[in-house]
Amino acid sequence: MAPSDNSNESTDRLLSYLEQRTGRSLRSRQAIDEYVDTRGVSPSGAAATLRDPSLRITAGVSVLALMFLFYYFMDVGLQISSLHPAVLTPATITFPLDRRQDRSERVQSRAGPVTRA
């Protein structure tokens, strides 16, 4: 069929095509109203979304879980970025079981020069 033929189709032909697509007879107002009610279309013509309570609860819990994960990862990232960089080097070694007489002496490590990050 050409696109220009769509405007010339008869009402009966369109109704039979709609009945064929829906799989039910739409020959009365009551049948049409039942079909519209099962499709979840409001009288204003807008389609209703998530009428099933279990779908609504599942979607709500999913969104809540995603928001929590987003907050958690953003919070952890913020805490990590706020940490001060620390480079630990063995600069001074003390011996707790040292048997020397003068305990105020400290032994310097023989490590190379300290490098900063």
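Residues numbered from 1 in each chain as written. Predicted model: local features only at pLDDT ≥ 70, side-chain atom pairs only at ≥ 80, totals over all residues. Heavy atoms only, no water.

(A) Looking closely at the overall build of the chain. A count of helical and extended segments in the chain gives 3 helices and 2 strands. Ordered by position from the N terminus, the helices and strands of the chain form the series α-α-α-β-β. Looking at the chain as a whole, 4% of its 117 residues qualify as buried. Here the analysis covers contacts within the chain between residues at least 6 apart in sequence; of these, 8% occur between residues at least 24 apart. (Helix = DSSP H or I, 4+ residues; strand = E, 2+ residues; numbered from the N terminus. Buried < 20%, exposed > 50% of the residue type's maximum accessible area, 1.4 Å probe, protein only. Contact = heavy atoms within 4.5 Å.)

(B) Up close: the packing of aromatic side chains. With the rule as written, the count across this model stands at 2 aromatic pairs. Note on F68 and Y72: the rings are 6.3 Å apart at their centroids and 25 degrees apart in plane angle, and the pair reads as stacked. Placement of the pair is F68 and Y72 together in helix α3 (residues 53-81), with a separation of 4 residues, close to one helical turn. Owing to a relative accessible area of 52%, F68 belongs among the exposed residues under this scheme. The class of Y72 is partly exposed, set by a relative accessible area of 43%. Plain terms: the ring middles of Y72 and F73 are 5.6 Å apart, the flat faces sit at 70 degrees to each other, and that makes the pair edge-to-face. Taken together, the ring pairs connect F68, Y72 and F73 into an aromatic cluster. (Phe/Tyr/Trp six-rings, centres within 6.5 Å; stacked < 30°, edge-to-face > 60°.)

(C) Fine view of the side chain of E19. Counting through the fold element by element, E19 comes out in helix α1 (residues 11-22). The buried category is assigned to E19, whose relative accessible area is 13%. E19 has contacts with R24, S25, L26 and R27, leaving out every residue within four places of it along the chain.

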